Amino acid sequence: MKFQINRSQLIEGVQDVMKAVSSRTTIPILTGIKMVVHSEGMTLTGSDSDISIERLIPMEENGEVNLEVQKPGSIVLQARYFSEIVKKMPNDTVEVEVGERFETKLRSGASEFSLVGLDPEEYPRLPQIEEQNVFSIQGDLLRQIIRQTVFAVSTSETRPILTGVNINLEDNVLSCVATDSHRLAQRTARIESNTEGLSFQNVVIPGKSLNELSKIVEESAELVQIVVTDNQVLFKTKNTLFFSRLLDGNYPDTSKLLPSESKTTLGLSTKDFLQAIDRASLLAREGRNNVVKLATIDNRTVEISSDSPEIGKVYEHVITESMEGEELKISFNAKYMIDALKAMDCSEIQVLFTGAMRPFLITPVDNEIVKQLILPVRTY
């Protein structure tokens, strides 16, 4: 195998597939990146057996030549060293040549590296996916959905199913839910692409996979195709295939957790409320689980407070946009509230309380496409 490639294109491709490469793998060859040069260009593959990413660098794109191939072929190179070398090469092009016993030479300008390659035949094959359940979604919307839900997945392996985001599709509406049993994030979105007759439930994608996916998907209206099977999901963009395994098991039914009525409803400025909680949490980080208290004072003001016996106390007063219902005192984890508010993407929110020890709901004032549910903390 022998070819020259545009260095910036190679760096970009390597960085994308590196997101799937793990140094802690039981299969040694998966610490490498597989490169295949063929008539259409070069394909790079990285995998840790949970996530696999395949990235195509086309021969030419937008009138610019990316690759010049003297001899097609394939090789697997150690990902960590290969990515570092490519980043630090002096010229705009890199020449790659594979000789006997997979010895690989990388040349650029006055610099030459020789790396020990691995047999590409030993690299595991990517999953073969039947494209039956397919729908499309805009890249920027997909990124937004991930950002508004994935922070609420569980980080504990005691209930593995909760480490993923549950996605359901019915009547052209995509619903995504994440919960760690102390809080819940839900985002719904209408799918414009032709999904007539397509529906699925209980598809649970690992949170880790979605975090890596959102770094690859571009912030644009370009469509991402999503293919769902029994145990795999595939995201397809223009030059990238992103495979992830799905989590086994039944996701709990969370629809019954969302309250339908409230005893106290507050309308608040998202920014003012977020900043007040953020300041109050400065003294709450020590000791008792980062707890802050919220109390209604009169029908225009809520008081947010926190005290730590060793450090001191803080009182914040936030003017409400509206307030209805009973007086209220409630305590909650400040970090959960900050995460939820950062995911809201709206200037005004409403918070619906059904009692001091019942979960409360946060939604935008003008729609319910985002719902955040938080369990209070018993402090009294």
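Residues numbered from 1 in each chain as written. Predicted model: local features only at pLDDT ≥ 70, side-chain atom pairs only at ≥ 80, totals over all residues. Heavy atoms only, no water.

**Describing the pairing of strand S17 (residues 223-228)**
Under the convention used in this document: Here the rule is simple: two strands pair whenever DSSP picks up at least two bridges between them. Only DSSP runs of H or I covering at least 4 residues are called helices, and only runs of E covering at least 2 are called strands; the numbering of each starts at the N terminus.
Two strands pair when backbone bridges link them, and strand S12 (residues 133-138) and S17 are joined in this way by six bridges, in the antiparallel orientation. Counted as the bridge partner of Phe-135 is Ile-226 from S17. Relative to strand S18 (residues 232-236), S17 is paired through four bridges, and the arrangement is antiparallel. Its bridge partner being in S18, Val-228 is matched across the sheet by Val-233. Hairpin geometry of S17 and S18 is characterised by an intervening segment of three residues between the two adjacent antiparallel strands.

**Looking at the state of the cysteines**
To keep things clear, this is the line we draw: The term disulfide is used for any two cysteine sulfur atoms that are within 2.5 Å. Only protein chains enter the accessibility calculation, which uses a 1.4 Å probe. A residue is then buried if its area is under 20% of the maximum for its type, exposed if over 50%, and partly exposed in between.
One pass over the structure, following the stated rule, counts zero disulfides. Sulfur of Cys-176: no disulfide; nearest cysteine sulfur belongs to Cys-346 and is 18 Å away. For Cys-176, a relative accessible area of 3% translates into the label buried. Assessed through its relative accessible area of 21%, Cys-346 is described here as partly exposed.

**Focus: empty space enclosed by the protein**
To keep things clear, this is the line we draw: Buriedness for pockets is judged along seven lines, at least five of which must meet protein on both sides within 12 Å for an open set on the 1 Å grid over protein atoms alone, while cavities are sets there where a 1.4 Å probe fits but cannot get out, and lining residues have an atom within 4 Å of a point. Grid points are joined across faces, edges and corners, and a volume is the space filled by probe spheres set on the points.
Scanning all chains against the criterion turns up one cavity of 30 Å³ or more. Its boundaries defined by the atoms lining it, the largest cavity holds a volume of some 90 Å³. Lining the largest cavity are 13 residues, with Leu-142, Ile-167, Cys-176, Ile-205 and Leu-210 sitting closest to its centre. Looking at the lining of the largest cavity, the elements that each hand over two or more residues are helix H3 (139-149), strand S13 (164-170) and strand S14 (173-179).

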